[in-house]
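Fold and geometry: a report
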Amino acid sequence: MAVALPSFFTAIMIMSRLMAFIGISKNNDMSSKLQALDIAPKLSYDPSAIESASQDFGHIVKAAPQAVLLPSSPRDIASLINFSYSNSVPFSIAARGNSHSVNGQAMAKNGVVIDMTSMKNGNGTGISIASDGSYADVGGQQLWIDVLNATLGLGLTPVSWTDYLYLTVGGTLSNAGISGQTFRYGPQISNVYEIDVITGTADFVTCSPNNNSDLFYAALGGLGQFGIITRARIPLEPAPKRVKWVRMLYTDFSDFTRDQELLISKNGRNDNKALNYLEGSLLLDQGSLDNWRSSFFPPQDQPKIISLITKFRIVYCLEIVKHYDGQTKTTVDKDLQQLLKGLSYLPGFMFEKDAKYEEFLNRVHSEELKLKAKGLWDVPHPWLNLFIPKSKISDFNDGVFKSIVLQRNITTGPVLVYPMNRKKWDDRMSAVIPDEEIFYTVGLLQSSGFDDWRTFEDQNKEILQFCEKAGIKVKQYLPHYTTKVGWVNHFGSKWSTFQKRKLQFDPKLLLSPGQRIFNNNQ
Ligand code: FAD
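This write-up is about the structure you can find in this document. Just so we're clear, the structure is a prediction, and the values are computed from it rather than from any experiment.

1. Observations concerning the sheet that holds strand β3 (residues 93-96)
Read from one edge of the open sheet, four strands run β1-β2-β4-β3, paired in mixed fashion. Looking at which strands have only one partner, the edges of the open sheet turn out to be β1 (43-44) and β3. Of the strand pairs in this sheet, strand β2 (residues 67-69) and strand β4 (residues 112-115) are connected by three bridges, and their pairing is parallel. Paired with alanine 67 across the two strands is valine 112, which belongs to β4.

Here you go:
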């Protein structure tokens, strides 16, 4: 197609603004057309359904759709997209996984939100495990906790996780899906054999690295822009029974990162001697030792940890896990000792736990229940998640943790800091990461009150401004930009491919408008 991309997108943007405008006056017209569709009984206009589709875990952004689709099969989703695509006034459509985005990414103002979880037990979209146990076919709407439970039942498990498992497969694959396993196994998007996608032209496409690979690479990390993932084929491995779970404390940032980098250098997927998980976090003066990431430190050790934090204001906590089962039970401690030999953590500040594999993986949920009981879970979450090149992580520590965070003294939520290896990612996918071989993820996972989240957003802005001034080329994870320039800079050399793929798979810009990539204000 001989259309210059920028002018095509400008034309489409003008059209979609016009459509949004016309859409408002034609709402009734659209609703009556929708009611003539075969999926009409599955469209909800119920105020409570609209209200919940207007919010997310962030509790900062609000945008109401006209209707919510409660599909029972991928065919219902295709029907809706097809209707919008062929309509003279197309409307936007957003898949809503478990709505754990924090900036409205799964919302569709004046459009239709697809409540993916209503397909939980739908036709062909459950969780089915291959007879040889090598993979699971999983509906895009499935929660990772359900994938874990289903596979563990057969002694199997996926290998790459997120910290929290009440997220959908389609939702995390649209971002990347990272956790302490990423350094060794890659993000979740590196652990997918095949996906089914319903594109913005309502085509149902099965894709993999060998088949419709453009769509495969586009959709993984694609922020919901190219299609709705209705199935993913996830590789499985034999599940371990238990884990050795260790935390070590540091007051010196360079010791902390040197040890992290040393540990992730042993990263062969089949290297049984390597760690299975590595993360890190900050322990801050005003933060609780046992925030929602897990209760861990033994009560008798807490006074000495607290006095360490009081003295140094920031303590760095390295966290690792080694799996074991009946066969490796007698060797796991020795293997762990070998791995930890020569590390520079503070003597007397190593803490160890022995836990069931699933207890470890589902660690955030028990804390979620405690916070929910106190009314502290469904509150605003002004989060900032970044990827930082290794060469600048020390500057980041000085300028952000030791300056901005300590000066402002408002951060109470978990602050994660851990490295990963670029070679475990696939650059053909839409996800964006820094150029260096090792990069860090930093997550400021803050909770706030309903009236003070702006103070945290200001801190986030200050952090981003500092990085820009200091020449720290960060990339946002779970990115949030409101301007075209922001997105173009974010995607960098991937922007033109991202645009071309959008034109190919969602030319009417129907999908995931809440990301504000092709429908921003500037
Ligand atoms: P939603 O928020 O519902 O959707 C996210 C985006 O994907 C939207 O644009 C939506 O339209 C689109 N989408 C949803 N489903 C589909 C689909 N089937 N096909 C195509 N597009 C779709 N992330 C990590 O990587 N690692 C973590 O450890 C981690 N921990 C978290 C802990 C908590 C407590 C929370 C709230 C979030 C965490 N996240 C983590 C972030 C999380 O992965 C993302 O916010 C993810 O998008 C949420 O999944 P969801 O299913 O709720 O998706």
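2. Describing the pairing of β4
Residues Val112 and Ile114 of β4 are buried on one face, and the alternating residues Val113 and Asp115, pointing to the opposite face, are buried as well. Sheet topology places β3 next to β4; four bridges connect them, and they run parallel. By the bridge assignment for β4, arginine 96 is matched with aspartate 115.

3. Examining empty space enclosed by the protein
Applying the stated criterion to the full structure yields six cavities of 30 Å³ or more. Empty space within the largest cavity amounts to approximately 970 Å³. Taken together, 50 residues make up the lining of the largest cavity; nearest its centre are His100, Leu167, Gly171, Asn175 and Leu478. Sorting the residues of the lining of the largest cavity by element identifies β3, α6 (169-173), β10 (227-235), β17 (415-421) and β18 (438-444) as the ones contributing at least two each. Here the residues of the lining of the largest cavity sort into 25 nonpolar, 23 polar and two charged.

4. Details of the packing of aromatic side chains
Overall, the coordinates contain 30 aromatic pairs when judged by the stated rule. A ring pair is formed by phenylalanine 57 and tryptophan 383, whose centres lie 5.5 Å apart and whose planes are at 70°; its orientation type is edge-to-face. Residue phenylalanine 57 is found in the loop between α3 (47-53) and β2, and its partner tryptophan 383 is found in the loop between α13 (363-373) and β16 (384-389); the two are separated by 326 residues along the sequence. Taking the relative accessible area as the measure of exposure, phenylalanine 57 reaches 7% and is therefore buried. Taking the relative accessible area as the measure of exposure, tryptophan 383 reaches 18% and is therefore buried. Ring geometry for tryptophan 495 against phenylalanine 498: centres 6.4 Å apart, planes inclined by 20°, an arrangement best described as stacked. Of this pair, tryptophan 495 and phenylalanine 498 are both found in helix α17 (residues 495-505), three residues apart, which corresponds to roughly one turn of the helix. Per residue, the accessibility class of tryptophan 495 equals that of phenylalanine 498, and both read buried. By way of ring pairs, the aromatic residues Phe226, Tyr481, Trp487, Phe491, Trp495, Phe498 and Phe518 are connected into one cluster. The cationic tip of arginine 363 hangs over the ring face of phenylalanine 360; the distance from NZ or CZ to the ring centre is 4.4 Å. Over the ring of tyrosine 85 we find lysine 508, and its NZ or CZ is 4.5 Å from the ring centre.

5. Structural notes on the layout of surface pockets
In this structure, the largest pocket occupies an estimated 1,200 Å³ of space. In terms of lining, the largest pocket is formed by 47 residues, of which the most central are Leu464, Val474, Gln476, Tyr481 and Gly486. Looking at the lining of the largest pocket, the elements that each hand over two or more residues are β16, α15 (453-469), β19 (475-476) and α16 (484-491). Sorting elements by how many residues they give to the lining of the largest pocket places α15 first, with ten residues. Along the lines of polarity and charge, the residues of the lining of the largest pocket split into 20 nonpolar, 15 polar and twelve charged.

6. Some remarks on the site of the ligand
For the ligand, the set of nearby residues contains 33 residues, the closest of which are Ala95, Gly97, Ser101, Thr168 and Tyr477. Between the ligand and alanine 95, the relevant distance is 2.7 Å, taken from an oxygen atom to a main-chain nitrogen or oxygen of the residue. Note that an oxygen atom of the ligand is positioned 2.7 Å from one of the backbone N or O atoms of histidine 100. Mapping the ligand onto the cavity grids shows that it belongs to the largest cavity. Among the elements of the structure, β3, α6 and β10 are those that each provide at least two residues to the shell around the ligand. When its residues are assigned to classes, the shell around the ligand shows 13 nonpolar, 18 polar and two charged.

7. Observations concerning the pattern of salt bridges
Tallied over the full model, the rule gives 23 salt bridges. With a closest N to O distance of 3.3 Å, glutamate 367 and lysine 370 form a salt bridge. Within this pair, glutamate 367 and its partner lysine 370 are both found in helix α13, separated by three residues, close to a single helical turn. By relative accessible area, glutamate 367 is classed as buried at 6%. Using a relative accessible area of 42% as the deciding quantity, one classes lysine 370 as partly exposed. Here the residues in one salt-bridge network are Asp137, Glu194, Asp196, Arg231 and Arg233, joined through shared partners.

8. Remarks on helix α11 (residues 332-340)
Among the residues making up α11, those that are buried are Val332, Asp335, Leu336, Leu339 and Leu340. Summarising the axial view, the buried residues of α11 lie within an arc of 130°, below the 170-degree limit, and thus occupy one face. When the buried face of α11 is taken as reference, the exposed residues oriented beyond 90 degrees from it are Lys334, Gln337 and Gln338. Residues of α11 that are buried make contact with β12 (242-250), α9 (253-264), β14 (314-324) and β15 (350-356). Just past α11, the residue glycine 342 takes up positive phi, approximately 85°.

Cut-off values and rules
- Residues numbered from 1 in each chain as written.
- Predicted model: local features only at pLDDT ≥ 70, side-chain atom pairs only at ≥ 80, totals over all residues.
- Heavy atoms only, no water.
- Pairing = 2+ DSSP bridges.
- Helix = DSSP H or I, 4+ residues; strand = E, 2+ residues; numbered from the N terminus.
- Buried < 20%, exposed > 50% of the residue type's maximum accessible area, 1.4 Å probe, protein only.
- 1 Å grid on protein atoms, 1.4 Å probe; cavity = no way out; pocket = protein on both sides within 12 Å on 5 of 7 lines; lining within 4 Å.
- Points joined across faces, edges and corners; volume = space filled by probe spheres on them.
- Nonpolar A, V, L, I, M, F, W, Y, C, P; charged D, E, K, R; others polar.
- Phe/Tyr/Trp six-rings, centres within 6.5 Å; stacked < 30°, edge-to-face > 60°.
- Lys NZ or Arg CZ within 6 Å of the ring centre and 35° of its normal.
- Near = heavy atom within 4 Å.
- Polar contact = N/O pair within 3.5 Å; in protein donor to acceptor, adjacent residues only side chain to side chain.
- Sits in = over half its atoms within 2 Å of the grid points.
- Salt bridge = Lys/Arg side-chain N within 4 Å of Asp/Glu carboxyl O.
- Arc of directions from axis to C-beta.
- Contact = heavy atoms within 4.5 Å.

What is shown is where atoms sit, not what they do.
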